[in-house]
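Chain by chain, the residues:
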Amino acid sequence: MSIPVMIMRGGTSKGAYFRREDLPDDETERNALLLSVMGSPDPRQVDGIGGGHPLTSKVAVVSRSGDPAAEVDYLFLQVQVDRPRVSAEQPCGNILAGVGPFAIERGLVAAAGDTTPVRVRMVNTGALATVHVPVRDGRPVYAGDTALSGVPGTAARIQVEFQDTAGSVAPALLPTGRVRDDLDGVPATLIDNGMPVVLMTAESLGVTGYETPDQLEADGRLRRRVEELRLAAGRLMGLGDVSATTVPKMCLIAPPAQGGTLCTRMFIPHRVHSSIGVLAAVTVGTAVAMPGSVAHTAAEGTIRVEHPTGFSDVVIDLDAGRSAIVSTARLLLEGRVHPRLTVEGAITHG
């Protein structure tokens with residue numbers, strides 16, 4: 001048994017991209033197959049194609065869309081590394097950057113001109129995005145001179161535009177109805193403009209906000225406190241008990257260190273991101289542009305979000321409800337993946 005797959009880097013993440021028709025229709029069967037393909041649960045994912053980290057254990061399921069506003073549907077699935085769990089709770093803007101090239105590679109969208117806009121419906125939330133893909137001779141162009149912090153080298157520029165992403169998972173852009181909340185004594189902004197995020201100053205949690213991800217992950221006291229606050233925020237945001245979910249993300253903010261707008265450290269939620277997710281950056285940028293939030297330091301326009309390996313630039317227009325980000329993507333491998341089977345020939349559940 002084997003399944004067609006493309007492994008692509010999208011933004012600062014890497015994942016396996018499948019056509020929906022190549023996977024089982026039954027969700028339980030599909031998830032068991034993906035756990036096997038990625039090699040979960042195992043910290044190294046040594047018996048699968050996952051990379052042993054949440055940022056490299058991602059899946060995109062793409063198909064032609066029945067929505068007249070979109071050309072393709074994109075379902076994002078987070079395959080947990082050390083647990084037998086596949087989550088569809090949230091979208092992923094990094095992997096989204098690869099959906100445009102994948103759709104063209106697989107013939108779901110015809111290439112046209114020098115740049116082909118691919119209209120995408122993000123199935124996880126119902127929000128729409130347009131991925132602008134450079135093309136040549138009917139194929140995506142991957143080589144270029146656009147640098148992306150957290151990614152070695154350069155690649156072709158891909159612009160991703162979002163619209164109507166407010167309240168993508170939570171009930172509203174500001175699910176509590178307030179720009180600022182008191183979270184067990186910690187001032188926080190609870191916001192969802194594509195990704196549910198809780199913003200707090202690093203100082204309020206006893207750190208600088210300039211620590212490395214490894215340093216933050218090694219701080220047991222901090223991790224316990226962040227998780228306590230995350231559970232409280234989940235209830236306030238209308239997400240219920242989030243102890244077994246990957247949202248909300250927890251963002252520690254500090255003044256900029258490299259000339260940007262602000263500095264961030266993002267818990268995703270139990271590991272610390274080596275950079276920042278695309279939709280998380282959009283949400284953080286929205287809070288920066290929102291008077292009264294704990295992150296407010298700039299007006300609308302281009303906001304530079306610093307993270308552990310560089311920065312991400314996002315463009316925010318609160319009045320129009322639009323946002324955009326520059327990204328890159330690259331096809332790494334095309335072939336067929338062989339899931340792990342039992343001796344009887346059935347897919348093992350891990």
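About the thresholds
Note that residues are indexed from 1 along each chain, following the sequence as it is written. The predicted origin of the model limits local features to residues at a pLDDT of at least 70 and limits the giving and counting of side-chain atom pairs to 80 or more, whereas totals for whole chains, interfaces and linings rest on all residues. Working from all heavy atoms in the structure, the side-chain values ignore hydrogens and water. UniProt positions are given in the numbering used here, feature names are shortened, and annotations may be inferred rather than shown by experiment. Between any two strands, at least two bridges found by DSSP are needed for them to pair. Helix and strand assignments follow DSSP, with helices taken as H or I runs no shorter than four residues and strands as E runs no shorter than two, numbered in order from the N terminus. Salt bridges, as used here, are contacts in which a Lys or Arg side-chain nitrogen is within 4 Å of a carboxyl oxygen on Asp or Glu. For each residue, the accessible area found with a 1.4 Å probe, counting protein chains only, is set against the maximum for its type, and the residue is called buried under 20%, exposed over 50%, and partly exposed in between.

The protein appears in an unreviewed UniProt entry as 4-oxalomesaconate tautomerase from Actinoplanes aureus. Recorded in UniProt under Sequence similarities (unreviewed entry), the annotation for the protein is "Belongs to the PrpF family."

Time to look at the pairing of strand 18 (residues 310–317). Where a strand is regular, its side chains alternate between the two sheet faces. Both strand 17 (residues 301–307) and strand 18 contribute to a ladder of seven bridges, which runs antiparallel. Within strand 18, the position partnered with Val 305 by the bridge is Ser 312. The hairpin turn running from strand 18 into strand 19 (residues 322–327), its antiparallel successor, is four residues long, and Gly 321 in that turn takes a positive phi close to 70°.

Quick look at the pattern of salt bridges now. Counted under the stated rule, the structure contains 14 salt bridges. Where Asp 47 meets Arg 340, a salt bridge forms, and the shortest distance between an N and an O atom there is 3.3 Å. Of this pair, Asp 47 sits in the loop between helix 1 (27–38) and strand 3 (58–64) while Arg 340 sits in the segment after strand 20 (329–337), and the two are 293 residues apart along the sequence. Here Arg 225 and Glu 228 are joined by a salt bridge, their closest N and O atoms 3.4 Å apart. One end of the pair is Arg 225 and the other is Glu 228, both in helix 4 (residues 220–236) and three residues apart, which spans about a single turn.

Our focus in this paragraph is helix 5 (residues 278–288). Burial runs high along helix 5: eleven of the eleven residues are buried. Within the sequence span of helix 5, burial applies to Val 278, Leu 279, Ala 280, Ala 281, Val 282, Thr 283, Val 284, Gly 285, Thr 286, Ala 287 and Val 288.

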